[in-house]
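Next come the chains, spelled out residue by residue.
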Amino acid sequence: MDFLEFETPIKELMEQYDKCALVGEESGIDIEQSCKQIADKIDSKKKEIYTNLTPWQRVQLSRHPNRPYSLDFIKGITEGNFIELHGDRNFADDKAMVGGFGKVDGQTVMFIGQQKGKNTKERQYRRFGMSNPEGYRKAMRLMKLAEKFNKPIVTLIDTPGAYPGLEAEERGQGQAIAQNIYEMLKLQVPVICIVIGEGASGGALGIGVGNRVYMLENTWYSVISPESCSSILWRSWDHKETAAAALKLTPQDMVEQGIIDGIVPEPLGGAHYDPEQTFLNLKNHIKQVITELSKISAEKLCRQRQDKFLNMGVFKG
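Residues numbered from 1 in each chain as written. Predicted model: local features only at pLDDT ≥ 70, side-chain atom pairs only at ≥ 80, totals over all residues. Heavy atoms only, no water.

At a closest axis distance of 9 Å, the pairing of helix α4 (residues 70–78) and helix α13 (residues 275–293) adopts a crossing angle of 70 degrees. With respect to α13, the element α4 is oriented roughly perpendicular. The two elements α4 and α13 cross, and the hand of that crossing is right-handed. Each of D72, F73, G76 and I77 in α4 lies in contact with α13, whose residues at this interface are T278, F279, L282, K283 and I286. Residues that form the contact of α4 with α13 fall into these classes: five nonpolar, two polar and two charged. (Axes fitted to C-alpha atoms, helices over the stretch in contact; angles between N-to-C directions. Helix = DSSP H or I, 4+ residues; strand = E, 2+ residues; numbered from the N terminus. Parallel < 35°, antiparallel > 145°, perpendicular 65-115°, else oblique. Left-handed = near helix turned anticlockwise from the far one by under 90°. Contact = heavy atoms within 4.5 Å. Nonpolar A, V, L, I, M, F, W, Y, C, P; charged D, E, K, R; others polar.)

This is the structure in structure tokens:
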């Protein structure tokens, strides 16, 4: 298990617990009570730390190296019956964007998500979850396929932004994202969008227009990352914590501002502590929302989605 800087007290207690268990095993002495006391301290320290997270600490948790990514969530929710589909039928298959049909307790759902990598080679292969234009075009192709067969769509958002390379701009990055936003507003099937990690800028919004938008507990959603905001305002990353607080990017902030519809809870400490429970929480939530949205006509779904996003923000004539 990897630990973040603010998790150091938990790491130290867990090391003590491991040593205690090892001593008892090697010496044959019953030290169960001592180990239990340390375990109680671990639980207490976890509650103390994770119930008082700063916005920057929540950003760090959303990027935890052990945190599950889109394919982990999809396979956990569909229990292995996911069929991935590839290509935008125009240029290439973007490995940073994944999608396909899967069943959630018998209900066929189109899953689309941004996929990061778990090691250096895979991160390069997936471009750290940053999609090229063909990724967004692939996502829209799959959404249109779901619409054709009248299947609900679930998008999993986890990206530091759209890919900023020259080739992405040459192939129309901005146009691809704008086209997705426009087309998602017109889809005739239920669309559920869930931020499972990082939700940054237009890269997130390119698959983020839904009838319902949710965030997992330890995620963030903003027009810009704290580091980039700090570099613009202060010409340095040194003020990223201040920027994180000012951006109001936590799930709680998003609910208060009316940007999202709710927060999906994670196990104490984050999704990486208990991925299976996190998958179950999200699966149950998706089933419930699909049931609610399936009762609404296609015309009302479309109008509801449009009204939802048109009513965001403040406009002055």
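A word on the packing of aromatic side chains. Under the criterion given, the structure shown has two aromatic pairs. With 6.2 Å between their ring centres and 70 degrees between their planes, Y50 and Y273 make a pair best called edge-to-face. Of this pair, Y50 sits in helix α2 (residues 32–50) while Y273 sits in the loop between β8 (262–264) and α13, and the two are 223 residues apart along the sequence. Residue Y50 is classed as buried on the basis of its relative accessible area of 7%. Residues F73 and F279 carry aromatic rings whose centres are separated by 5.2 Å and whose planes lie at 70 degrees to one another, so their mutual orientation is edge-to-face. Here F73 is found in helix α4, whereas its partner F279 is found in helix α13, with 206 residues between them in sequence. By the burial criterion, F73 is buried, and F279 matches it. Of note, R127 hangs over the ring of Y163, and the distance from its end group to the ring centre comes to 5.3 Å. (Phe/Tyr/Trp six-rings, centres within 6.5 Å; stacked < 30°, edge-to-face > 60°. Buried < 20%, exposed > 50% of the residue type's maximum accessible area, 1.4 Å probe, protein only. Lys NZ or Arg CZ within 6 Å of the ring centre and 35° of its normal.)

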